[in-house]
Amino acid sequence: ANLIASRWASMPGALVIPQDTSTAILATTSAPLLAGVAVDMQFATLLLYVALSSVLTGVVMLFIGLMRQGSLVRFIPLPVIGGFLSGTGYLLVVGGADVMTAGFDWDRVPMAALVGGSLFALAMLLALRSWPRPVLLPAGVAAGTVLFFVILALIGVSFDEARALGLLMEPVATKLSLPLAELRSVDWSLLGSGWGGLATVPLVATLGMLLNVNALETL
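The model shown is predicted, which means the values in this text are computed figures rather than measured ones.

Undergrad: Would you take a moment to explain the overall build of the chain for this structure?
TA: Within the chain, the regular secondary structure consists of 9 helices and 0 strands. For the chain, the residues scored as buried account for 24% of the 219 residues in total. Intrachain contacts of the chain at a sequence separation of at least 6 include 63% that bridge at least 24 residues. Roughly 15200 Å² of accessible area belongs to the chain as shown, and the carbon and sulfur atoms make up 73% of that amount.

Next up, the structure:
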């Protein structure tokens, strides 16, 4: 996507990355739905939910682009935009804390992970403000990853023990083929009750995209 955008976009050098706003809304709207789904059906249902949200988002953005109505974001009141940005920030903070504490477990190990992750995020924020270079973010993430595994080795914690403590994810099997066979396990009735989330994700993603695009005008 970045190769296409850098070659044919109207602004050379623009990068295409996943929006944090749409990710937060997608996670928030899908979580209540999956709570009532059987464990063996959750992955397939979530997969279809994400796919439908992505298709609807693409259709909405394509329609706005074809109609040349990207300037509609200028008519959104400032308090609405402020609430949108603050709400998104809240969801990102809560979601990050949820991941680092393994479901808000306030035991010693999750708290250490939360403190360490917060200090790393603060260090990256200060570094990017004082030395804004494109290479800093990926280099910082790589350095943080290496530091994490070095600390695990120094304190004598194996990968299996780290997974048991919630510091590492379980191994994920990856396949290059489309998981079409998983669609047999979809809880289709539940997707009907999730129409509100399916409508919210495209609207929020489009609003976030228009805000980012209009912000480029100030550069």
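Text resumes after the structure shown.
Undergrad: Help me understand the nonpolar core in this model?
TA: Note that soluble globular proteins tend to have their nonpolar side chains buried in a common cluster. Ranked by internal contacts, the top residues of the largest apolar core, which has 15 residues, are Tyr-49, Val-73, Phe-84, Leu-207 and Leu-211. Of all elements in the fold, only helix H2 (20–35), helix H4 (78–100) and helix H9 (195–215) reach the threshold of two or more residues within this core. Ranked by the residues each element gives to this core, the list is headed by H9, at 6 residues.

Undergrad: Would you explain the packing of aromatic side chains in this entry?
TA: Here a ring pair, both rings aromatic, is described through the centre-centre distance and the interplanar angle of the planes. Per the counting criterion, the structure on display carries 3 aromatic pairs. When the ring of Phe-104 is compared with that of Trp-106, the centres are 5.9 Å apart and the planes differ by 50°; the resulting orientation is tilted. Taking the relative accessible area as the measure of exposure, Phe-104 reaches 35% and is therefore partly exposed. Taken together, the ring pairs connect Phe-148, Phe-149 and Phe-159 into an aromatic cluster.

Undergrad: Help me out: how do you make sense of the packing of helix H5 (residues 108–130) against helix H6 (residues 136–154) in this one?
TA: Any two packed helices are characterised by how steeply their axes cross, that is the angle between the axes, and by the distance between the axes. Where H5 meets H6, the axes come as close as 11 Å, and the angle between the chain directions of the two elements is 155°. If you check the angle between H5 and H6, you find them roughly antiparallel. The interaxial crossing formed by H5 with H6 has right-handed handedness. Counting all contacts with H5, which are made through Phe-120, Met-124, Ala-127 and Leu-128, the residues of H6 involved are Leu-136, Leu-137, Gly-140, Val-141 and Gly-144.

Undergrad: Got a minute to help me understand the pattern of salt bridges in this structure?
TA: Two side chains bearing opposite charge may form a pair once their charged atoms approach each other closely. Within the structure shown, the criterion is met by 1 salt bridge. For Arg-163, the salt bridge identified is with Asp-160, shortest N-O distance 3.2 Å. Pair noted here: Arg-163 and Asp-160 are both in helix H7 (residues 159–164), with a separation of 3 residues, about one helical turn.

Undergrad: What am I meant to see in the confidence of the model for the chain here?
TA: Do not read the fine detail of predicted coordinates wherever pLDDT is low. The predicted model of the chain averages 78 in pLDDT, with 81% of residues at 70 or higher. Confidence scores differ between elements of the chain, with helix H1 (residues 2–8) showing the lowest mean pLDDT of 67 and H5 the highest of 88.

Undergrad: How should helix H3 (residues 39–66) be read in this particular structure?
TA: In an α-helix there are 3.6 residues to a turn, and that puts residues three or four apart on one side. For H3, spanning 28 residues, the distance from its first C-alpha to its last is 41 Å, which sits close to the expected 40 Å at 1.5 Å a residue. What H3 keeps buried is the set Ala-44, Thr-45, Leu-48, Tyr-49, Ser-53, Thr-57 and Ile-64. A positive phi of about 55° marks Arg-68, the residue just after H3.

Undergrad: Got a minute to help me understand the side chain of Ser-30 in this structure?
TA: With respect to the helices and strands, Ser-30 occurs in helix H2. One polar contact links the side chain of Ser-30 to the main-chain carbonyl oxygen of Leu-26, over a distance of 2.8 Å. Filtering out sequence-adjacent residues up to four positions away, Ser-30 remains in contact with Leu-46 and Tyr-49.

Conventions adopted
- Residues numbered from 1 in each chain as written.
- Predicted model: local features only at pLDDT ≥ 70, side-chain atom pairs only at ≥ 80, totals over all residues.
- Heavy atoms only, no water.
- Helix = DSSP H or I, 4+ residues; strand = E, 2+ residues; numbered from the N terminus.
- Buried < 20%, exposed > 50% of the residue type's maximum accessible area, 1.4 Å probe, protein only.
- Contact = heavy atoms within 4.5 Å.
- Areas by Shrake-Rupley, 256 points an atom, 1.4 Å probe, with all protein chains shown as cover.
- Core = buried A, V, L, I, M, F, W, Y, C linked by side-chain atoms within 4.5 Å.
- Phe/Tyr/Trp six-rings, centres within 6.5 Å; stacked < 30°, edge-to-face > 60°.
- Axes fitted to C-alpha atoms, helices over the stretch in contact; angles between N-to-C directions.
- Parallel < 35°, antiparallel > 145°, perpendicular 65-115°, else oblique.
- Left-handed = near helix turned anticlockwise from the far one by under 90°.
- Salt bridge = Lys/Arg side-chain N within 4 Å of Asp/Glu carboxyl O.
- pLDDT = per-residue confidence, 0-100.
- Expected span 1.5 Å × (residues − 1).
- Polar contact = N/O pair within 3.5 Å; in protein donor to acceptor, adjacent residues only side chain to side chain.

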